[in-house]
Each structure stands twice: as structure tokens, then as C-alpha cells.
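Summary of the model geometry
Here's the letter readout for the chains.
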Number of protein chains: 2
Amino acid sequence: MHTLYHHPMSASSRYIRLILAEYSQTIELLEEKPWERRMKFLQINPAGDVPVLMIDEGQFICGGVTIGEYLDETNGAMQREKRLLSEKSLERAEIRRLVDWFLNKFNSEVTGYLTHERVFKNFMSVEAGGGAPNSNIIRAARANLKNHMKYVSALAASRDWIAGNKISAADMAACAAISVLDYLGEIQWEDEPAAKDWFARMKSRPSYRPLLLDKVITLPPASHYTDLDF
Amino acid sequence: MHTLYHHPMSASSRYIRLILAEYSQTIELLEEKPWERRMKFLQINPAGDVPVLMIDEGQFICGGVTIGEYLDETNGAMQREKRLLSEKSLERAEIRRLVDWFLNKFNSEVTGYLTHERVFKNFMSVEAGGGAPNSNIIRAARANLKNHMKYVSALAASRDWIAGNKISAADMAACAAISVLDYLGEIQWEDEPAAKDWFARMKSRPSYRPLLLDKVITLPPASHYTDLDF
């Protein structure tokens, strides 16, 4: 059994947990608080970030996109119809474009700011940059979120799943990122019915269930977070 | 022949140009100015960013990491010894960790800021966020750069190449990112002899030659940019 260093409010960590659950792989979870910059963890991943997958004593795979590719090569390729990457290069490129979108672009414009300001700063000392949330940053991130949700709706309205007609790693990445914001009550679902319909399908999958149990001390989830008919 | 939408000051664009040159593929280059947010280009890549590879009429691959994977699948896999991704999953993971480091982390902490402040803002209207560079941002990015260069030196001192004992896509990504900063005269080479030795080897490769000819109007390269014995 592999071990995953993760944080419940990290979209990339949730991405890997969803993929592992889709492939029916059980995993030991170790919660890591990246803002603590723990020396032993920095030796494992100099980037200082989660997720990190320990596949064996002293063998680590770092970063959501990289772990996702590793799991496809070592696991997904044997999953036939359940594989989350296509067999075709052009379709793989479309899936990867959207994985990158939700784990990197969306994170750098929305999720990263909102989790930092609303969650992580609560736990950080003032010297380390902790303290009260910056309302200007939150406002800018929420404006960006509106545009991203329009894009999710446009994708969901024009395709069966995020990257095409088959469920893929792109759905896991989009769902991972959006589920963190859903926990924080940041999504105005009534504005985006197509995105909501897609997310409801994702939320009712068995792979999503463990995410419903995630909790951050001092910050309970939004009231509809565990509701499958939100 | 493929067509690449690129910008000379985009590390991810240079990454793809280096890979194509290593695989002896000629390419048509189209310079795109992402800050103009040209409507036709946004329809091709909603992320609005370079590089984008046009492989056929109406078929586009978006983003440095994604194009890199596509080129490995359609080209690299047939290159035997010259392939820039390993055949082994664990080695591939280490290469991908470092490609992600230089195209995403390094970009979001260093290259993105320095090119935006020192290059792109010159060409942008005031309404679009153009104007004089912000010296606080430049100072912060330069402080980050020092730490990243120490990491490059540590890698270069402990391995033959950036990701291990064989040249790989990680060298192309690191070289692409650092070459943009070298153009801007941002690298203090005398501080990092191990990184300098590695970069001199990269710079003397035939694949690097086209990058030596890159020019940005109004901003000539640093005096040593084209010097192979810098």
C-alpha cells in the first residue's frame, strides 16, 4: 500500500485521492501542513508542497501532475475502460490541457489565494505571513472564480464530461479544485446549472465519498458540502 | 511541418523549441504576444498563453508540459538513445518533477515576474496594466532567483545532468527558463560555478543555436548572451 502526504484543502492532493479511488487502490494518508516547512518533508520534496506519494521506503513521487502520470503508467494502463487517460495522443493532450488548467492555472488565480487567505493563514504565525485574511486578494480571487466557473459550465454544456465524451483525469482535476471551494462555500451553484449538473454526477461517485469526510479544524464545511442534492 | 505559436521571452515556448531541435524537427514559428489577448488566439487556447502547437488544420496542442508529453509520445518514443524521457517510470517521474519545477514553480516565482515587469509591460497600454516596472516585485523575484540558482547548482554538482545521468526534458526545461533570464542579464554566473558549467554545455548544443538569435525589440540581450564562453 502506498502512502500519500496530502492536505485536505490541497486540490492536487484531492486529485490523486480521486484517481486512486477510481482505480480501487487503498492508501495510507498522512496530513502534511506545507506552510510549516518541516525540514524532513523539504528533504523529500524540495518544492515543499503536497501531494507526495511514497511508493516504497525512500522512493517518492512529487506533485499532482507527476503522480497522476505515474499512476497512469503503473496502474491506469491496465484498467481498460476505467483508464482515466485516453489511448489516443490528441485526446490525451486535451485531458492534460485541462488537468494543467485546474491544478495550475485555476490554482494560481483562485484556489491558491482563497485557501491561503481563508484557511492556511489561520494556522501560520505572524512572522511566517499568517494573520487576518486580505480582503482585496479574496475579492480578486472571487472575480477570477466567476470566469473560471463560466468556463466549467461551457465545457459541461458542450460535452458529456470535462475533456470529452468519456470521464477522465480532467474530471478528477476539475472536481478536486472545485470541491475545495465547495467546502469553503465559495461556489454560487445557482449561477451555473451546467457545471452544477456535472458536479452532482461527480459528487455521487464512490470515489468522492472520502472527500465528504474531510475536515479542517476551526473551519467546518459549508452547510451543503455533504449534500448530494445541493 | 508543425507550426508553433510562441514568444521569445516565454520559457515554455523555448522548452518546446529545444525539444523539437533535439529531435531534428523543423518548425514554423509564429510570434504571439499573449498580453494582447487576441480574440482568434483565445479561441485556439482559452488560457491565452503560449506555446501552442498546431499539428494540422484546426488541431492544436496547448501548453509547454502538454506539448512536451505529446512530442514524447509521437516522436521521442522512436528516438532510442536520444529520447528525452526515460523508459523507466521512476526516472520519468523525476524528469517530470523538474520540468514542472522550471516551467511552473520557477516561472511563478521568478521568470513570470521578471519578464512581465521588464519586458511585457513596455508593450502594454496603461489600461491593460502596462507602464513602468514595479521595483518591489523585481527585487522579490531576484531574491527568489538566488535560491533557485542554488538549487540548480546543487543538482548540477550531484548529477551529470539535471534529472540524472542522462540528458532529458528536465535539462531542456531548466535551460529554457534560465536562458530567458540570461537574455535579460539576470544571472550572476560567478556565484554558481556548477550551474554555469552545466549551462555552458547546454549552450553549446546545436539545439540552442536558434535561441541565440532571439531578439526583443527595444530590449537587446545582455552582452554575454551569445558568448559560449561567458
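Here the structure is a predicted model, which is why all the values come from computation and not from measurement. Think of each chain on its own: its residues are numbered from 1, step by step along the sequence as written. Lettering of chains starts at A and numbering of ligands starts at 1, both following the order in which they are written. Note on the predicted model: pLDDT of at least 70 is required for a residue's local features to be given, and 80 or more for side-chain atom pairs to be given and counted; whole-chain, interface and lining totals, by contrast, use all residues. Each side-chain value is worked out from all heavy atoms of the structure, with water and hydrogens disregarded.

Some details on the sheet that holds strand β3 (residues 52–56) of chain B
Residue and element names in this part refer to chain B. Pairing between strands is defined by DSSP: at least two bridges between the two strands are required. Under the scheme used here, helices are H or I runs from DSSP no shorter than 4 residues and strands are E runs no shorter than 2 residues, and both carry numbers assigned from the N terminus. Strand order in this open sheet of 4 strands is β2-β1-β3-β4, and the pairing throughout is mixed. Unpaired on one side and paired on the other, β2 (27–31) and β4 (59–62) mark the two borders of the sheet. Across the sheet, the axes of successive neighbouring strands diverge by a mean angle of 25°, strand direction being ignored. Axis geometry follows a simple rule: fit a line to the C-alpha atoms, using only the stretch in contact for helices, then measure angles between N-to-C directions, giving values from 0 to 180 degrees.

Describing unusual backbone geometry
Residue and element names in this part refer to chain A. Of the consecutive residues valine 50 and proline 51, the connecting peptide bond is found in the cis state with omega at 0°. By the element assignment, proline 51 lies in the loop between α2 (39–44) and β3 (52–56). Within the chain, arginine 80 stands out as a residue other than glycine whose phi angle is a positive 50°. Along the chain, arginine 80 falls in the loop between α3 (64–74) and α4 (89–123). The cut-offs for exposure are 20% and 50% of the maximum accessible area for each residue type, with area from a 1.4 Å probe on protein chains only; residues under the lower value are buried, those over the upper are exposed, and the others partly exposed. You can call arginine 80 exposed: its relative accessible area is 72%.

Some thoughts on the relation of the copies chain B and chain A
Screw-axis analysis of chain B against chain A gives a translation of 0.0 Å along the axis, an RMSD of 0.0 Å, and a rotation angle of 180°. Both chain copies can therefore be described as sitting about a two-fold axis. Every residue of chain B has its C-alpha some distance from the rotation axis, and the shortest such distance is that of asparagine 104 of chain B, at 3.9 Å. Any two residues whose heavy atoms approach within 4.5 Å at even a single point are treated as in contact. Of the interface residues in chain B, 100% have counterparts in chain A that sit at the interface too, so the contact is made through matching surfaces. To line up the copies, we fit them by least squares on C-alpha atoms, keeping just the residues with pLDDT of at least 70 in both.

Some details on the sheet that holds strand β4 (residues 59–62) of chain A
Residue and element names in this part refer to chain A. On the basis of which strands lie adjacent, the open sheet formed by 4 strands has the order β2-β1-β3-β4 and mixed pairing. One side of each edge strand has no neighbouring strand; the edge strands of this open sheet are β2 (27–31) and β4. For this sheet, the mean angle separating the axes of adjacent strands, direction not counted, is 25°. The sheet contact formed by β3 and β4 spans 4 bridges and is antiparallel. Along β4, the bridge assignment pairs aspartate 56 with glutamine 59. With respect to the sheet, helix α1 (residues 11–22) is in contact with β1 (2–6) and β2, its orientation differing from that of β1 by roughly 155°.

With respect to the domain arrangement of chain A
Residue and element names in this part refer to chain A. The source of the domain bounds is an automatic or database domain assignment. You can read the domains of chain A as domain 1 (2–82) and domain 2 (89–205). Taking the mean C-alpha position of each, domain 1 and domain 2 sit 19 Å from one another. Each side of the interface is counted separately: domain 1 has 17 residues, and domain 2 has 22 residues. Buried area between domain 1 and domain 2, both sides added, is near 1,700 Å², and the carbon and sulfur share of it is 69%. Buried area, as used here, totals the accessible surface that two parts lose on assembly, with accessibility defined by a 1.4 Å probe and the loss added over both. On the domain 1 side of the contact with domain 2, Met9, Tyr15 and Trp35 bury the most area, a combined 41% of that side's loss. Any pair of nitrogen or oxygen atoms within 3.5 Å is treated as a polar contact; in protein, a donor-acceptor pairing is required on top of that, and neighbouring residues in sequence qualify only through side-chain atoms on both sides. Linking domain 1 to domain 2 there are 4 residue pairs in polar contact (both at pLDDT 80 or more). Listed by contribution, the elements that provide at least two residues to the side of domain 1 that touches domain 2 are α1 and α3. No other element matches α1, which puts 7 residues into the side of domain 1 that touches domain 2. Class assignment for the residues of the side of domain 1 that touches domain 2 results in 8 nonpolar, 4 polar and 5 charged. All residues other than Ala, Val, Leu, Ile, Met, Phe, Trp, Tyr, Cys, Pro, Asp, Glu, Lys and Arg, Gly among them, are scored as polar; the first ten of these are nonpolar and the last four charged.

Notes on the interface of chain B and chain A
Between chain B and chain A, the contact holds 21 residues from the first and 21 residues from the second. Carbon and sulfur atoms make up 62% of the surface buried where chain B meets chain A, a total of about 1,900 Å² over both sides. Any carboxyl oxygen of Asp or Glu that lies within 4 Å of a side-chain nitrogen of Lys or Arg is treated as forming a salt bridge with it. Our enumeration of links across chain B and chain A arrives at 6 salt bridges. With its nearest N and O atoms 3.8 Å apart, the salt bridge here joins arginine 96 of chain B to glutamate 69 of chain A. Where chain B meets chain A, there are 6 residue pairs in polar contact (both at pLDDT 80 or more). Contributions of two or more residues to the side of chain B that touches chain A are made by β4, α3 (64–74) and α4 (89–123) of chain B. Among the elements that line the side of chain B that touches chain A, the one with the most residues is α4 of chain B, at 9 residues. Of the residues belonging to the side of chain B that touches chain A, the class tally is 10 nonpolar, 5 polar and 6 charged.

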